[in-house]
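Report on the structure
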Amino acid sequence: MKPYKNKINRIRSFALSLIFIGVVIMYLGIFFRKNEIIMLIFMVLGLLAILGSTVVYAWIGTLSTRAVQIVCPNCGKATKMLGRVDMCGHCREPLTLDPSLEGKEFDVAYNRPDSKKDTSDKK
């Protein structure tokens, strides 16, 4: 299983990979110089991937401004948190602002709306 990372960093990594994927797709279009239509399709697909990356970066930027900024108790650095549980962006310490989840093992499922009922019923 992959180690869990901070949500904001994961989304930013996805947007960065979209840029590289778009450039690779455009580069593949160069191999079809003889057939202009196929080359144009590759260029447009690459451009769409890069534009998609721009949209994702804008979305995560607006989401990041509304995220709760907290100080990690482990490393002492400020990090932004999305949802009920998240990881520190620096040291990957599990973080939560929900008192009912303190002391429980880290699980991404706590961020789903249906899990709020499950944790309140177990008290």
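For every chain, the first residue of the written sequence is number 1, and numbering continues from 1 along that sequence. Local features in this predicted model are restricted to residues of pLDDT 70 or higher, and side-chain atom pairs are both shown and tallied only at a pLDDT of 80 or more, whereas totals for entire chains, interfaces and linings draw on every residue. Hydrogens and waters are ignored; side-chain quantities use all the structure's heavy atoms.

Under an unreviewed UniProt entry, the name given to the protein is YgzB family protein, and the source organism is Sporosarcina koreensis.

Runs of H or I in DSSP of at least four residues are treated as helices and runs of E of at least two as strands, each being numbered from the N terminus. When its secondary structure is counted, the protein shows 3 helices and 4 strands. In sequence order, the protein lays out its α and β elements as α-α-β-β-β-β-α. Whether a residue is buried, partly exposed or exposed follows from its accessible area with a 1.4 Å probe, protein chains only, as a fraction of its type maximum: under 20%, in between, or over 50%, in that order. The buried share among the 123 residues of the protein stands at 27%. Should any heavy atoms of two residues lie within 4.5 Å, those residues are considered in contact. The long-range share in the protein, meaning contacts at least 24 apart out of those at least 6 apart in sequence, stands at 42%. Summed over its atoms, the accessible surface of the protein is roughly 8,600 Å², and 64% of this surface lies on carbon and sulfur atoms. Only the protein chains shown count as covering a residue, and every accessible area follows the Shrake-Rupley method with a 1.4 Å probe.

The next point concerns the pairing of strand β2 (residues 78–81). Only one face of β2 is buried: it carries Thr79 and Met81, and the other face, with Ala78 and Lys80, is open. Think of it this way: DSSP has to see at least two bridges between two strands before they count as a pair. Linking strand β1 (residues 68–71) back to β2 in an antiparallel pair, the connection comprises 6 residues, with Gly76 at a positive phi of about 80°.

What follows covers the environment of Gly89. Looking at where Gly89 falls in the secondary structure, it is placed in the loop between β3 (85–87) and β4 (94–96). Overall, Gly89 belongs to the partly exposed group, its relative accessible area being 31%. When the C-alpha atoms of Gly89 and Lys7 are compared, they prove to be 8.5 Å apart, with 82 residues separating the residues in sequence. Beyond its immediate sequence surroundings of up to four residues, Gly89 is in contact with Asn6, Asn9 and Thr79.

Turning to the side chain of Thr79, a few remarks are in order. Position of Thr79 relative to the elements: it lies in strand β2. The exposure class assigned to Thr79 is buried, which follows from its relative accessible area of 6%. Leave out the neighbours within four places in its chain, and Thr79 touches Asn6, Val68, Gln69, Ile70, Cys88, Gly89, His90 and Leu95.

This paragraph deals with the packing of aromatic side chains. Paired rings are identified among Phe, Tyr and Trp, the last through its six-membered ring, by centres lying within 6.5 Å, and are further divided according to the angle between planes into stacked (under 30 degrees), edge-to-face (over 60) and tilted (the rest). Evaluated as defined, the whole model comprises 2 aromatic pairs. Look at Tyr27 and Phe31: their rings are 5.6 Å apart centre to centre, the planes differ by 85°, and that puts the pair in the edge-to-face class. Relative to Phe42, the ring of Phe32 has its centre 5.2 Å away and its plane inclined at 10°; by these criteria the two rings are stacked. Linking Phe32 in the loop between α1 (7–30) and α2 (36–66) with Phe42 in helix α2, this pair joins segments that are 10 residues apart in sequence. A relative accessible area of 34% means that Phe32 is categorised as partly exposed. By relative accessible area, which is 23% here, Phe42 ends up partly exposed.

To continue, consider α1. By this rule the span expected of a helix is its residue count minus one, scaled by 1.5 Å. Between its terminal C-alpha atoms α1 stretches 36 Å, which fits the 34 Å expected from 24 residues at 1.5 Å a residue. Where α1 is concerned, the buried positions are Lys7, Ile8, Ile11, Ala15, Leu18, Gly22 and Gly29. Turning to α1, the residues buried within the fold contact α2, β2 and β3.

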